[in-house]
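# Structure at a glance
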Amino acid sequence: MPDKKVDLQWTPIHKDMTKDGIRLSFQVNREYTLAKDQYTATAYDNFLALSIALRDRLVERWIVTQQEYHRKNKKRVYYLSMEFLIGRLLGNNIINLGCEKESKDALDDLGLELDELREQEVDAGLGNGGLGRLAACFLDSMATLGIPAHGYGIRYDYGIFNQKIQNGYQLEKPDEWLKLKNPWEFARPEYALAVHFYGRTQNYQDRNGKPCIAWVDTQNILAMPYDIPIPGYCNDIVNTLRLWSARSSEEFDFEYFNDGDYEKAVYQKMFSENISKVLYPNDGVSQGRELRLKQEYFFTAAAIADIIRRFKAENTNLTDLPKKAVIQLNDTHPALAIVELMRILVDMEQLEWEAAWNIVTKTFAYTNHTLMPEALECWTVPLFEKVLPRHLQIVYEINFRFLKEVANYFPGDNERLSRMSLIEEGNPKRIRMAHLCIVGSFSINGVSVLHSNLLKINLFKDFYEYEPGKFNNKTNGITQRRWLLKANTRLSKLVSDTIGNEWIKNLDYLEKLTAYAKKSDFVKQWQDVKMQNKMFLANYIEKTMQIVVNPESLFDVQIKRIHEYKRQLLFSLFIIAEYLKLKHDPQKFQIQRTFILAGKAAPGYFIAKLIIKFINSIADVINHDKGVKDRLKVIFMENYRVSLAEKIFPASELSEQISTAGTEASGTGNMKFMLNGALTIGTLDGANIEIAEAVGNENMFIFGLRTEEVEAKKNRDILRKNTSIIIQSYAKFSI
Ligand SMILES: *Cc1c(COP(=O)(O)O)cnc(C)c1O
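Let me begin by describing the structure that accompanies this report. (Residues numbered from 1 in each chain as written. Predicted model: local features only at pLDDT ≥ 70, side-chain atom pairs only at ≥ 80, totals over all residues. Heavy atoms only, no water.)

## A look at the sheet that holds strand 16 (residues 423–424)
The condition that has to hold: For two strands to be treated as a pair, DSSP must find no fewer than two bridges joining them. What counts as a helix is a DSSP run of H or I of at least four residues, what counts as a strand is a run of E of at least two, and both are numbered from the N terminus. Here, residues are in contact when the closest pair of their heavy atoms is within 4.5 Å. Every axis in this analysis is a line fitted to C-alpha atoms, fitted for helices over the stretch in contact. Angles between the N-to-C directions lie between 0 and 180 degrees.
Ordered in space as 15-17-16, the three strands form an open sheet in which the pairing is antiparallel. The sheet is open, and its two borders are formed by strand 15 (378–380) and strand 16, each paired with just one other strand. Two strands pair when backbone bridges link them, and strand 15 and strand 17 (residues 430–432) are joined in this way by three bridges, in the antiparallel orientation. Bridging across to strand 17, Trp379 finds its partner in Ile431. The strands that helix 16 (residues 433–440) touches are strand 15 and strand 17; relative to strand 17, the one it contacts most, it runs at about 40 degrees.

Quick look at the structure:
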């Protein structure tokens, strides 16, 4: 029901996008929301006061956008992801609201600086690397395109750990990102819902004598949603990222209280809230832990319940769900959504199996992110059965019906059946989550042309032969709003001054720059921008690491998670080779270089951590060699994260994308470098191939084996043999 018109004449100050309006909001927030004045406010308080001022302006647009989606009963995109590597939001939100100048001026009136306030914000590090950052970039792009999209994920109390380097080694520190108030989230206890675990199944007959199955004696945990507004770029659209936090449910606690077992009640409360406590820090590795399975089911079940609640508020017949919702699975982590939707439709809504399956398989789409065997999620049947007994039955039923159809299509091919089964035989049996995703989705995509083709000929060959029409490619991307407009203000300004600002919404416009590639004054300005960015980074390095780098040297950069397949080790050997050249054959040493590396290693990944120590040992030797002067430096920057990435990309000149061909599904770091005017040296892997096609082979330094050549060599078993011995000896290099 619309609000009654009231006679009150009030001017909502948060509508006001002028400098004065923003300043007034800032002052009101600082005084009344934070109870501070200009003397007592900390820098973080000032960050909060400005963020809340902008948040108010987002909220207005947010409410209108959501009302509009509801009124028009729009089809929604639901993006389910275990990870959203968002980073900071203040700078991005100011840009997308289109009030950067007004905000700067408002702060200027108060003697404050926007840059300084931005630096106060703690990164939302709710992801490991590329997969999580992709999810964050998609949210920005969908809002900018006006797509009615909702992100669903987990509000981890602790995101990806903070990395410290001590004595050359990585140390992990907890990421207490919520210690200070987070201005961007809204708790929505009114939408909290129960998620069930454990228990058992029970057969019964409904009133008409139809056999049904109930899931009973479960342990219940409350999923509490926190909403974050996601604005599009200057289009007044604001979408929602809904992150779920685990709370112990009351009913469940009281049972123990009633039994007088206080300690157990408290313990259970702690235990249930553990579910959203911490992000697993392994990039692309599945360890099969029970808590991880519970995390996956927790947010997935909450999302499905929320999606159905919204659908029912706007529609009557669940068979229309595929017309009103599409659910994109970011890797197999949210794969249980397929099973959960079946459970809701069959057990709760009493639909026939075929009708339910028909809805499900028209609603889901699945993105595969890697070919690496260690990343393919498989859950052992005993664990799965313990945590989700009803879901196991449903998985078996899906599999039974699926294999029957495959057997009809390929009669007599039993080996194919066992390869395609959702259940891997063995002791214990395991559930193949990728197979579940393929069978339950209408679309399956890889993340670069090469990767999508490899899926068809290797990992998912049988499935491709069975249903080729399901398979497609969606090469990963990045949003230029964050990775150029926000991260590199100098280059953005030069580009906009030269070709206009349409590129901010449509990146194809950048092509107009080719006309300026040979114009000397443009080239000069381009070089000035790069030099200023390099000086800025050099300054930051000096301030944070007390190492002076030469801004005239080539900034040669590899920043990404530390992984053997990404080959930081190969890069390290190149650095040593350059150093030796300088020492023993100075004639041959030509280019002054600053090698810049950054990246986190999974805490249990021994070799990756040793590679970090190795790099720091090399840095120790080279940076302390008086004979080297400023011709070579090696900088390992601590705690790689989105906000640090934003400082490094603009200053980079050479981008190292040197993974073994056939291993990096796409890469998105490669794109951020390109967008910031760095040249690429790399292998024909992932999206590097498409980048090379776009910029022309002559504008990229391609080296190394191609995928097929790697395969051939692997068969001769000469790769990776002595890695650990080599590193261990080099790790002692500095001693
Ligand atoms: C882009 C990005 C990544 C992914 O980098 P790749 O080079 O594609 O592996 C990882 N972490 C952060 C913080 C990023 O911004």
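There is more to say after this.
## Observations concerning the environment of Gly21
Formally: Accessible area is worked out with a 1.4 Å probe on protein chains only. A residue is then buried under 20% of its type maximum, exposed over 50%, and partly exposed in between.
Mapped onto the elements of the fold, Gly21 is located in helix 1 (residues 19–33). With relative accessibility at 4%, the residue Gly21 sits in the buried group. C-alpha separation for the pair Gly21 and Glu102, spaced 81 residues apart in sequence, amounts to 9.0 Å.

## Quick notes on the packing of aromatic side chains
To keep it simple, the criterion reads: Only centres within 6.5 Å qualify two rings of Phe, Tyr or Trp (six-membered ring in Trp) as a pair; their planes then separate them into stacked at under 30 degrees, edge-to-face at over 60, and tilted for everything else.
The tally for this structure, following the rule as stated, stands at 21 aromatic pairs. Both rings, one in Phe402 and one in Phe463, keep their centres 6.1 Å apart while their planes meet at 10 degrees; by these two values the pair is stacked. Residue Phe402 is located in helix 14 (residues 389–409), and its partner Phe463 is located in helix 18 (residues 461–466); the two are separated by 61 residues in the primary sequence. Of the two residues, Phe402 and Phe463, both sit in the buried class. Centre to centre, the rings of Tyr464 and Phe471 are 5.7 Å apart; their planes meet at 85 degrees, and the pair counts as edge-to-face.

## What about the pairing of strand 11 (residues 219–231)?
Where a strand is regular, its side chains alternate between the two sheet faces. The buried count for strand 11 comes to 11 of 13 residues, which makes it a mostly enclosed element. In terms of strand pairing, strand 7 (residues 186–187) meets strand 11 through two bridges, oriented antiparallel. Residue Phe186 lies in a different strand from strand 11, and its bridge partner there is Asp227. As paired elements, strand 8 (residues 193–197) and strand 11 share five bridges and run antiparallel to each other. Note on strand 11: the bridge partner recorded for Leu193 is Ala223. Linking two consecutive strands that pair antiparallel, namely strand 11 and strand 12 (residues 238–248), is a turn of six residues; a positive phi of about 45 degrees is found at Cys234 within it.

## A short note on helix 20 (residues 489–499)
Think of an α-helix as 3.6 residues a turn; residues three or four steps apart then line up on the same face. Threshold: This arc corresponds to the set of directions leading from the helix axis out to the C-beta atoms.
For helix 20, every residue scored as buried is listed here: Leu491, Ser492, Leu494, Val495, Thr498 and Ile499. Each buried residue of helix 20 lies within a common arc of 165 degrees when the element is viewed along its axis, so the set occupies one face. Facing away from the buried side of helix 20 by over 90 degrees, the exposed positions are Lys493 and Asp497. Residues of helix 20 that are buried make contact with helix 19 (480–486), helix 21 (520–545) and helix 25 (669–675). Positive phi shows up at Gly500, right after helix 20, with a value of about 85 degrees.

## Describing the site of the ligand
Just so we agree on the cut-off: If even one non-hydrogen atom of a residue comes within 4 Å of a molecule or strand, that residue is called near it. As used in this structure description, the phrase polar contact means that two N or O atoms lie within 3.5 Å; if the pair is within protein, one of them must be able to donate a hydrogen and the other to accept it, and residues adjacent in sequence are counted only when both atoms belong to side chains. Calculation of accessible area relied on Shrake-Rupley with a 1.4 Å probe; when residues are assessed, cover is drawn exclusively from the protein chains displayed. Here the nonpolar group is Ala, Val, Leu, Ile, Met, Phe, Trp, Tyr, Cys and Pro; Asp, Glu, Lys and Arg are the charged ones; every other residue, Gly included, is treated as polar.
Surveying the vicinity of the ligand reveals the residues Gly129, Gly130, Trp483, Lys560, Lys566, Tyr640, Arg641, Val642, Gly667, Thr668, Gly669 and Lys672. Note that an oxygen atom of the ligand is positioned 2.8 Å from one of the side-chain N or O atoms of Lys566. When isolated, the ligand has an accessible area of 400 Å², and the protein chains bury 95% of it. Within the shell around the ligand, the residues separate by chemical class into three nonpolar, five polar and four charged.

## Focus on helix 26 (residues 688–695)
Taken together, the buried positions of helix 26 are Asn688, Ile691 and Ala692. All buried residues of helix 26 project into a common sector of 100 degrees when viewed along the axis, lining one side. Away from the buried face of helix 26 by more than 90 degrees, exposed residues Glu693 and Ala694 are located. For helix 26, the secondary structure elements touched by its buried residues are strand 23 (654–657), helix 25, strand 24 (679–682) and strand 25 (701–702). One or two steps after helix 26, the chain reaches Gly696, where phi turns positive at roughly 90 degrees.

## Points about the side chain of Ser572
In this fold, Ser572 is placed in helix 22 (residues 568–584). Excluding residues that lie within four positions of it along the chain, Ser572 makes contacts with Phe614, Ile615 and Ile618.

## Let's talk about the sheet that holds strand 24
If you trace the six strands from one edge of the open sheet to the other, you get 22-21-20-23-24-25, paired in parallel fashion. Sheet topology places strand 22 (632–637) and strand 25 at the edges, where each strand pairs with a single neighbour. The sheet strands contacting helix 23 (residues 606–623) are strand 21 (593–598) and strand 22, and the helix crosses strand 22 at an angle near 145 degrees.

## Looking at unusual backbone geometry
Omega for the peptide link from Asn427 to Pro428 comes to 0 degrees, which places this bond in the cis form. Structurally, Pro428 is set in the loop between strand 16 and strand 17. Phi is positive for Gln350, which is not a glycine, with a value near 60 degrees. A positive phi is found at Arg567, a non-glycine position, where the angle reads about 65 degrees. Residue placement: Arg567 occurs in the loop between strand 20 (554–559) and helix 22.

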